[in-house]
Amino acid sequence: MNLPKIAHVRAFVVRGGGADYHDQGEGHWIDDHIATPMSRYPEYRQSRQSFGINVLGTLVVEIEATDGTIGFAVTTGGEPACYIVEKHLARFLEGRSPTEYEKIWDQMYFSTQYYGRKGLVVNALSGVDLALWDLLGKLRGEPVYHMLGGAVRDELQFYATGARPDLAQQMGFIGGKMPLHHGPAEGEEGLHRNIAELAEMRSRVGPDFWLMLDCWMALDVNYATRLAQRAHEHGLKWIEEALSPDDYWGYAELKRNAPTGMLVTTGEHEATRWGFRMLLEMDCCDIIQPDVGWCGGVTELIKISALADARGKLVVPHGSSVYSYHFVITRHNSPFAEFLMMAPKADEVVPMFHPQLLGEPIPENGRMRASALDRPGFGVELNRDIALHRPYTH
Ligand SMILES: C[C@H](O)[C@H](O)CC(=O)C(=O)O
Ligand SMILES: [Mg+2]
């Protein structure tokens with residue numbers, strides 16, 4: 001079957017929430033004294049926006065085929081990622097068939113390897129890859145999850161990330177992941193407060209509801225070990241991203257130190273099969289958490305997931321909305337998914353990438369039927385009422 005070829009690749013930057021979900025207004029739980037590697041500096045402790053967490057904004061990649069069909073995707077990376085997409089990556093797509101995603105991925109990765117490999121460049125590459133899968137699905141009239149092999153279960157189950165696991169429990173989620181508020185620079189008092197917050201939440205949700213702590217790379221092995229040991233009596237299910245993503249040795253040590261039954265998770269800032277191979281072969285964690293928009297897109301996630309599956313590890317992607325939903329429903333070793341609560345007080349379910357996507361499905365009672373994904377591509381449209389800025393052309 002001859003599909004239309006790729007005619008144009010375009011990249012835009014958008015401000016205000018969406019894929020750059022840290023780009024929120026004042027008073028949002030996601031910017032309220034959350035422990036980070038920058039918390040050692042008191043002036044950057046209260047707000048992550050103060051050190052520039054939202055400096056980039058969302059990257060929107062559009063790929064138009066010769067018949068006018070448009071695939072698109074959103075991720076983070078903003079204006080610098082627009083430059084990379086327009087000035088470097090677009091050449092590997094235009095004039096090609098959208099079925100050639102393996103070769104396109106390979107050329108995007110190896111042509112940028114001398115300045116890429118992780119971070120911003122792989123975010124940009126992931127955005128292109130996801131837009132390509134969206135285009136392919138739209139041209140074939142198939143949802144991405146069909147192209148990935150089809151659903152292995154009838155519905156997705158979600159845990160919620162946010163400041164109010166107690167409310168998430170009432171909304172039907174299977175667990176709640178809270179941000180850790182105090183890092184090592186806040187000393188023993190900060191550690192007591194972290195444990196007190198966990199204990200308070202445990203008393204609200206009862207003994208069986210999953211509670212997790214997201215440490216956003218803020219800790220060292222010693223602090224993380226002490227936190228894990230003290231959190232164990234409050235039934236902490238997992239300790240997430242406790243250390244720098246570069247500290248594979250530290251993660252291996254933390255996994256050895258963690259109390260029996262408590263899971264160590266990480267990987268949302270890791271990228272590619274080679275990065276995840278390190279996490280897996282060094283036995284750094286129990287669950288890997290690639291972000292589909294940051295790890296290399298769906299093309300790379302297929303490989304990352306197969307590596308994990310062969311080692312009996314779970315893959316529970318970080319956030320990533322529809323890009324994650326279409327993958328998780330197709331894999332046995334992804335038994336549940338994350339839902340980031342983007343309402344400022346984490347007190348209601350709103351679409352994760354609002355306002356950038358139209359038709360973005362949301363969990364109901366903590367679940368989503370596979371049929372909610374039954375639209376071509378990733379099943380969403382770009383909201384063209386938001387301000388799209390195209391800083392570069394080619
Ligand atoms: C809540 C965390 O600090 C971060 O904003 C999101 C995250 O790491 C996650 O959803 O996982
Ligand atoms: Mg996290």
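Cut-offs applied
- Residues numbered from 1 in each chain as written.
- Chains lettered and ligands numbered in written order.
- Predicted model: local features only at pLDDT ≥ 70, side-chain atom pairs only at ≥ 80, totals over all residues.
- UniProt positions renumbered as here; feature names shortened; annotations may be inferred.
- Helix = DSSP H or I, 4+ residues; strand = E, 2+ residues; numbered from the N terminus.
- Buried ≥ 20, exposed ≤ 12 C-beta atoms within 10 Å, placed from the backbone.
- Contact = placed C-beta atoms within 7 Å.
- Core = buried A, V, L, I, M, F, W, Y, C linked by C-beta atoms within 7 Å.
- Domains from an automatic or database assignment.
- Axes fitted to C-alpha atoms, helices over the stretch in contact; angles between N-to-C directions.
- Parallel < 35°, antiparallel > 145°, perpendicular 65-115°, else oblique.
- Left-handed = near helix turned anticlockwise from the far one by under 90°.
- Nonpolar A, V, L, I, M, F, W, Y, C, P; charged D, E, K, R; others polar.
- Arc of directions from axis to C-beta.
- Pairing = 2+ DSSP bridges.

As recorded in an unreviewed UniProt entry, the chain goes by the name L-rhamnonate dehydratase, listed as coming from Sphingomonas parva. Under Function (unreviewed entry), UniProt gives the following word-for-word description of the chain: "Catalyzes the dehydration of L-rhamnonate to 2-keto-3-deoxy-L-rhamnonate (KDR)."

J.: Looking at this structure, how should I read the environment of Met368?
T.: Looking at where Met368 falls in the secondary structure, it is placed in strand β13 (residues 367–369). C-beta crowding within 10 Å serves as the criterion here: with 21 such atoms nearby, Met368 is assigned to the buried category. As a C-alpha pair, Met368 and Glu233 span 135 residues in sequence and 32 Å in three-dimensional space. When neighbours within four sequence positions are excluded, Met368 is seen to be in contact with Glu155, Leu156, Tyr325, Pro361 and Pro363.

J.: Sorry, what's going on with the environment of Pro344 here?
T.: You can see Pro344 is positioned in the loop between β11 (337–340) and β12 (357–358). Pro344 sits in the partly exposed class, given 18 other C-beta atoms within 10 Å. Measuring from C-alpha to C-alpha, the distance between Pro344 and Trp29 comes to 5.8 Å, with 315 residues separating the pair along the chain. Those residues in contact with Pro344, other than ones at most four positions away along the chain, are Gly27, His28 and Trp29.

J.: Help me out: how do you make sense of the nonpolar core in this one?
T.: A general feature of soluble globular proteins is that nonpolar side chains tend to end up buried together. Of all hydrophobic cores here, the largest spans 121 residues; its most connected members are Val61, Val85, Cys215, Ala224 and Ile239. Taken together, domain 1 (6–20 + 56–141) and domain 2 (147–375) each give at least three residues to this core, which thus spans both. Setting aside residues up to four positions removed in sequence, Ile239 forms contacts with Leu213, Cys215, Ala224, Leu227, Ala228, Ala258, Met262 and Val264.

J.: Help me understand the packing of helix α9 (residues 272–281) against helix α10 (residues 297–310) in this model?
T.: A packed helix pair is summarised by two numbers, namely the angle formed by the two axes and the spacing between the axes. It is at 9 Å that the axes of α9 and α10 come closest, and there the two elements cross at 20°. In terms of orientation, α9 and α10 fall into the roughly parallel class. Where α9 crosses over α10, the two elements pack in a sense that is right-handed. On α10, the residues touching Thr272, Arg273, Phe276, Arg277 and Leu280 of α9 are Glu300, Lys303, Ile304, Leu307 and Ala308. Along the lines of polarity and charge, the residues of the contact of α9 with α10 split into five nonpolar, one polar and four charged.

J.: Looking at this model, I keep getting lost on α9. Mind explaining?
T.: Since the α-helix advances by 3.6 residues per turn, residues separated by three or four positions end up pointing in the same direction. When we look at burial in α9, the residues that qualify are Thr272, Gly275, Phe276 and Leu279. Looking straight down α9, one finds its buried side chains confined to an arc of 90°; they lie on one side. Residues of α9 that are buried make contact with α3 (119–140), α8 (248–257), β8 (263–266), β9 (287–288) and α10. Just beyond α9, the residue with positive phi is Asp283, at close to 50°.

J.: Hey, could you run me through unusual backbone geometry in this one?
T.: Among all residues except glycine, the phi angle is most often negative; among peptide bonds, the trans geometry is most common. In this structure, the amide linkage connecting His354 to the following residue, Pro355, adopts the cis form with an omega of 5°. Assignment of secondary structure puts Pro355 in the loop between β11 and β12. Even without a glycine there, the phi angle at Arg117 is positive, about 80°. Checked against the element boundaries, Arg117 lands in the loop between α2 (101–111) and α3. Even without a glycine there, the phi angle at Asp283 is positive, about 50°. Within the element layout of this structure, Asp283 appears in the loop between α9 and β9. Of the residues examined, Asp283 has 15 C-beta atoms within 10 Å and is grouped as partly exposed.

J.: Quick question: what am I supposed to make of the sheet that holds strand β3 (residues 70–76) here?
T.: Pairing between sheet strands relies on hydrogen bonds along the backbone, with the strands arranged either parallel or antiparallel. Overall, antiparallel pairing links the three strands, which are arranged β1-β2-β3 in an open sheet. The open sheet has two edge strands, β1 (6–14) and β3, and neither has a second partner. For this sheet, the mean inter-axis angle between neighbouring strands, taken without regard to orientation, is 15°. Two elements, strand β2 (residues 58–65) and β3, share seven bridges in a ladder whose sense is antiparallel. Directly across from Leu59, in β3, lies its bridge partner Thr75.

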